[in-house]
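So you can see what is in the structure, the chains are spelled out below.
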Amino acid sequence: MEHARVKEILNRNKSGGNVVIKGWLKTARHSKGFSFLEVSDGSCFSGIQVVAGEGLDNYDTEIKKLLTGCAVSVSGELVDSPGQGQKYEIKAEKIAVVGLVDSDYPLQKKRHTYEFLRTIAHLRPRTNSFGAVFRVRNAASKAVHHFFQERGFVYLHSPIITASDCEGAGEMFKVTTLDLKAPPRDEAGKIDYKQDFFGREAHLTVSGQLEAEIAAMALSNVYTFGPTFRAENSNTSRHLAEFWMIEPEMAFCDIRGDMDLAESFLKYVLQSVLNDCPDDMQFFNDRIDNTVLATMESIIKTPFERITYTEAVDILLKSGKTFEYPVTWGCDLQSEHERYLTEDHIKRPVIVTDYPKTIKAFYMYLNDDDKTVRAMDVLVPKVGEIIGGSQREDRKDILLKRIGELNLNEKDYWWYIDLRRYGSVPHAGFGLGFERIVQFMTGMGNIRDVIPFPRVPGYAEF
Ligand code: 4AD
Ligand code: MG
């Protein structure tokens, strides 16, 4: 008989019949003549209780000795459970022990800290918290694709290895096959990348945006969803060196259309996760942060506030608060500023637009004031910046001027500039940090706990 998943069994509208399940023991309680095994297969938050009696032929030799973490295959009858808190249980007729555990299995019943669990990232998916995080991640990924596919966006696979720096921030990991101990040198004594694998310097991408812009100039609306990399030395609870980003790009679209898309997109993902993962979300609300459900529901219902950077600076200056980083017009908004705006002042998500050009990337559309660009950042409570986007500079002469002002090398962007010579149109897009939205939904305090294998300064185990 083919085995069933626990989720499907628990969703049945009546008990009865024989089932086979396979999974790992969350708990094993042995009493006289009976054992109660809670078996989880990761398909949903709960496991299912298996009752094994001493009549089973391997009861004394195997079942009685089972410990938390053992892998089993159980067949038996699905019956109504007399116990509290569970609808059904399985009266075992046969239990095959598939994998035993050594006695030092680290996931015992007591609560472990998230710091400790990070050191056993190969086992932490078996905990309640991480099972729930990964199911929410999955539901959110599905929602991302559904949202864009329903609207006719084409999924673009942007490259991971690239030769251009999208954000111009120089926070890129080098990709090379040169011998680091004795790299080839040119006449000037500099490392000769012509002899490197790609015949030039190459990096891991920080963003798929520039390639998404290429595609949007043909397919109109596209999106990427892939890993991106930042070699920034930020040891914070909101930064990863490797994170997943979703980047839509739309032709014939301005900053207003961009904000509208960002707002409906966020709401759609939140609603889908609430629909798909009610038990996991209830767990986060009960055990991690008792505001997550109410916050998500209110965000789905209420329109986002929209203010300019200049207005945001005014609010911060008038707040009477002393920030660690003092605020002046022209400064980059720090996390403490972002959180004050969205948590204390506006009390819901806010989209901040029209930032000074000096603190934003070269590709953003320059406003007539020659001081600000059509950038838009979506800020949400607890996380701060969750989305960063902009209308793009589609005028060739102004783009060239910006590239010059920022001391970037025009030659590196020849194809990007070409797009402004061959049928250039207004276009806009944004990037959503996937782990930031998972962090927001789950209430997990540290971004390292919402990605299976976090990569951060000084750490890349597993
Ligand atoms: O604001 P960022 O740097 O924007 C871009 O990369 C643009 N090219 C996006 C676009 O317009 N297509 O990054 C976008 C988002 C941020 O708002 C944040 O959510 C997330 O990516 N992000 C990070 N998430 C985790 N760890 C990091 N180190 C992150 N850096 C950015
Ligand atoms: Mg940003």
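Throughout, a residue's number is its position along its own chain's written sequence, starting from 1. Key to labels: chains lettered from A, ligands numbered from 1, both in the order written. For a predicted model such as this one, the threshold for reporting local features is a pLDDT of at least 70, and the threshold for listing and counting side-chain atom pairs is 80 or more; totals across whole chains, interfaces and linings nevertheless cover every residue. As a convention, hydrogens and water are excluded, and side-chain values are obtained from all of the structure's heavy atoms.

Student: Give a detailed account of the overall build of the protein, specifying residues and quantitative values.
Tutor: Helix and strand counts for the protein come out as twelve helices and 16 strands. Principal-axis analysis of the C-alpha atoms gives the protein an extent of 85 × 55 × 45 Å. Note on classification: 1.4 Å probe, protein chains only; a residue is buried when its accessible area is under 20% of the maximum for its type, exposed when over 50%, partly exposed between these limits. Expressed as a percentage of its 462 residues, the buried residues of the protein come to 52%. The contact criterion used is simple: two residues touch if any of their non-hydrogen atoms lie within 4.5 Å. Contacts in the protein between residues far apart in sequence, at least 24 positions, make up 67% of those at least 6 positions apart. Working note: accessible area of the protein is about 22300 Å², and carbon and sulfur atoms make up 51% of it. Averaged over its 57 positive side-chain charges, the protein has a centre that lies 3 Å from the centre of its 66 negative ones. Numbered from the N terminus, helices here are DSSP runs of H or I no shorter than four residues, and strands are runs of E no shorter than two. The Shrake-Rupley method, run with a 1.4 Å probe sphere, supplies the accessible areas, and residue values consider only the shown protein chains as cover. Only four residue types enter the charge count, namely Lys and Arg as positive and Asp and Glu as negative; His and the chain termini do not. Note on charges: their place is set at NZ of Lys, CZ of Arg, CG of Asp or CD of Glu.

Student: Kindly report on a nonpolar patch on the surface, identifying the contributing residues and their values.
Tutor: A contiguous nonpolar patch, built from I160, I161, F197 and F198 and spanning about 390 Å² of accessible area, is present on the exposed surface. Mapped onto the fold, F198 is located in the loop between strand 8 (174-175) and strand 9 (202-204). Exposure remark for F198: the relative accessible area of 39% places this residue in the partly exposed category. Each patch is assembled from residues with relative accessible area greater than 30% and no salt bridge, linking like charges that lie within 9 Å and nonpolar side chains (Val, Leu, Ile, Met, Phe, Trp, Tyr) that lie within 5 Å. The term salt bridge refers to a pairing of a side-chain nitrogen on Lys or Arg with a carboxyl oxygen on Asp or Glu at a separation within 4 Å.

Student: Summarise the pattern of salt bridges; cite the residues concerned and give the values.
Tutor: In the structure shown here, the tally under the stated rule is 25 salt bridges. Among the salt bridges present, the one from R339 reaches E343, with a minimum N-O distance of 2.8 Å. Here E343 and R339 lie together in helix 9 (residues 335-345), a separation of four residues that amounts to about one turn. The exposure class of R339 is partly exposed, given its relative accessible area of 30%. Each member of the salt-bridge network shares a partner with another, and the members are E213, E249, R392 and R420.

Student: Break down the site of ligand 1 for me, citing the residues and quoting the values.
Tutor: Nearness here has a simple test: a residue counts as near a molecule or strand if at least one of its heavy atoms is within 4 Å of that partner. Surveying the vicinity of ligand 1 reveals 25 residues, the closest of which are E167, Q209, E247, E385 and I386. Measuring from a nitrogen atom of ligand 1, one finds a side-chain N or O atom of E232 at 2.9 Å. At 3.4 Å from a nitrogen atom of ligand 1 is found a main-chain nitrogen or oxygen belonging to F430. Here ligand 1, which alone exposes 630 Å², has 93% of that area covered by the protein. Contributing elements (two or more residues each) for the shell around ligand 1: strand 11 (242-251), strand 15 (384-391) and strand 16 (427-433). Here the shell around ligand 1 gets five residues from one element, more than from any other, and that element is strand 15. Residues that form the shell around ligand 1 fall into these classes: nine nonpolar, eight polar and eight charged. What qualifies as a polar contact is a pair of N or O atoms within 3.5 Å, subject to a donor-acceptor requirement within protein and to the restriction that residues adjacent in sequence count only when both atoms come from side chains. Amino acid classes used here: Ala, Val, Leu, Ile, Met, Phe, Trp, Tyr, Cys and Pro are nonpolar; Asp, Glu, Lys and Arg are charged; the rest, including Gly, are polar.

Student: Describe the pairing of strand 15, listing the residues and the values that go with them.
Tutor: By the criterion of burial, strand 15 is predominantly enclosed, with six of the eight residues buried. A pair of strands is labelled paired if DSSP reports no fewer than 2 bridges between them. When strand 14 (residues 372-380) meets strand 15, the two strands line up antiparallel, connected through six bridges. Along strand 15, the bridge assignment pairs M376 with G389. The turn linking strand 14 back onto strand 15 is made up of three residues, and K382 within it adopts a positive phi angle of 75°. Pairing analysis gives five bridges linking strand 15 to strand 16, with the strands arranged antiparallel. Of the residues in strand 16, the one forming a bridge with I387 is L432.

Student: Hey, could you go over the sheet that holds strand 9 for me, with residue numbers and the actual values?
Tutor: Taken together, the three strands give an open sheet; going across it, the order is 7-9-8, and neighbouring strands pair in antiparallel fashion. Lying at the two open borders of the sheet, with one neighbouring strand each, are strand 7 (161-162) and strand 8. With two bridges connecting them, strand 8 and strand 9 associate as antiparallel partners. Bridged to K174 within strand 9 is H203.

Student: Break down unusual backbone geometry for me, with residues and values.
Tutor: Unlike most non-glycine residues, F252 shows phi in positive territory, near 55°. Assignment of secondary structure puts F252 in the loop between strand 11 and helix 5 (255-276). Judged by its relative accessible area of 63%, F252 is exposed. The phi torsion at F462 lies on the positive side, around 75°, for a residue other than glycine. The residue F462 is located in the segment after helix 12 (434-442) in this model. Classification of F462 as partly exposed rests on a relative accessible area of 39%.

Student: Any chance you could break down the packing of aromatic side chains for me, citing the residues and the numbers?
Tutor: The geometry of an aromatic ring pair is captured by two quantities: the separation of the ring centres and the angle between the planes. Between the rings of Phe, Tyr and Trp (Trp by its six-membered ring), a pair exists once the centres lie within 6.5 Å; its type follows the angle of the planes, with under 30 degrees stacked, over 60 edge-to-face, and the other angles tilted. Overall, the coordinates contain 24 aromatic pairs when judged by the stated rule. On the basis of an interplanar angle of 40° and a centroid distance of 4.9 Å, the ring pair of F148 and F265 is categorised as tilted. Linking F148 in helix 3 (residues 128-150) with F265 in helix 5, this pair joins segments that are 117 residues apart in sequence. For F148, a relative accessible area of 0% gives the class buried. Aromatic pair F453 and F462: ring centres 6.2 Å apart, planes at 35°, arrangement tilted.

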